[in-house]
Amino acid sequence: MPLAREAVELLVQAARAWYFEGNQHGLRDREWMALRFLGRANRFSRTPSALAGFIGATRATASQIVKTLESKSFLVRKPSPEDKRSVLLNVTAQGEKCLSQHDPVNHVVNAVTALGTEECIRLRDSLRDILNHLDAAHQRLDASICRDCMFLAERSPSTSKGRATAEFMCRLYRAPVSLQETELLCTSFERTRDRPKIEEHLDRARVASQG
Ligand code: SF4
């Protein structure tokens, strides 16, 4: 069997590892998907419309899922500080606890973590290269990590009244983005072909802390 085909078959098997029928710990597959996304999404993407786009559902279905998660106290709606007409869907401490203890993808994350930091970085980079090689028409890329986005621009570090200001700017939303926020998911993401500089810096720190 050609090596590439064998690798793709293993990739498909790995992706199937977190599928399940019915529900797990009281949530169905799409409800887990929504909670997981909202737990990792940035402030531009924790909205009902971004959630509907990410899970591939209508606004009505997404709204029903939000109600289910609210009824379990995993989610609260808050007015957006940037646009009072919009709401933000924020995962509660109880929702975060549920994700860390019971998310069906956790056992896959644990298996990948067991590879070690350097192997994890190689796996991540290989998967990203695969996505870059795929025709955009065949990708169903709904969200990705801000630090890989072509709209992210570095801002020279400065302080205002003794407080550190944001290190980055989003050129799409014309809004500041902190270093921590560059690790979050965004549904307006556009992939850059160049390897982000922040990532090299973070990777070096990760490998160093491993040793
Ligand atoms: S830089 Fe890209 S990923 Fe980050 S907030 Fe802006 S659009 Fe979203």
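Numbering of residues starts from 1 in each chain and follows the order in which that chain's sequence is written. Only residues with pLDDT of at least 70 are given local features in this predicted model, and only at 80 or more are side-chain atom pairs given and counted; all residues enter the totals for whole chains, interfaces and linings. Each side-chain value is worked out from all heavy atoms of the structure, with water and hydrogens disregarded.

S.K.: Just to check I follow, could you spell out the pairing of strand β4 (residues 87-91) for this structure?
M.R.: Regular strands place their side chains on alternate faces of the sheet. Whether a residue is buried, partly exposed or exposed follows from its accessible area with a 1.4 Å probe, protein chains only, as a fraction of its type maximum: under 20%, in between, or over 50%, in that order. Helix and strand assignments come from DSSP, with helices taken as H or I runs of at least 4 residues and strands as E runs of at least 2, each series counted from the N terminus. Extensive coverage of β4 is indicated by the burial of four of its five residues. A pair of strands is considered paired only if DSSP assigns at least 2 bridges between the two. Across five bridges, strand β3 (residues 75-79) lies against β4 in antiparallel orientation. The residue bridging R77 from the neighbouring strand is L89, located in β4.

S.K.: It is not clear to me how the nonpolar core should be interpreted in this structure. Could you clarify?
M.R.: It is characteristic of soluble globular proteins that their nonpolar side chains tend to be buried jointly. Throughout, nonpolar core names a set of buried Ala, Val, Leu, Ile, Met, Phe, Trp, Tyr and Cys residues whose side chains join them through atoms within 4.5 Å. Among the nonpolar cores identified, the biggest contains 26 residues, and L35, F37, L51, I55 and L69 are the most heavily contacted of them. Those elements giving two or more residues to this core turn out to be α2 (29-40), α3 (48-55), α4 (59-71), β4 and α5 (93-102). Ranked by residue count, the leading element in this core is α2, at five residues. As annotated, the domain borders come from an automatic or database domain assignment. When we break this core down by domain, the ones giving at least three residues each are domain 1 (3-107) and domain 2 (141-209).

S.K.: How should the sheet that holds strand β10 (residues 175-177) be read in this particular structure?
M.R.: Taken together, the three strands give an open sheet; going across it, the order is β6-β9-β10, and neighbouring strands pair in antiparallel fashion. Every interior strand has two partners, whereas the edge strands, β6 (152-154) and β10, have only one. The mean angle between the axes of side-by-side strands here comes to 35°, regardless of whether they run parallel or antiparallel. Relative to β10, strand β9 (residues 168-170) is paired through three bridges, and the arrangement is antiparallel. When the bridges of β10 are listed, M169 appears paired with P176. For helices, the axis comes from a line fit to the C-alpha atoms of the stretch in contact; other axes are also lines fit to C-alpha atoms, and the angle between any two N-to-C directions lies between 0 and 180 degrees.

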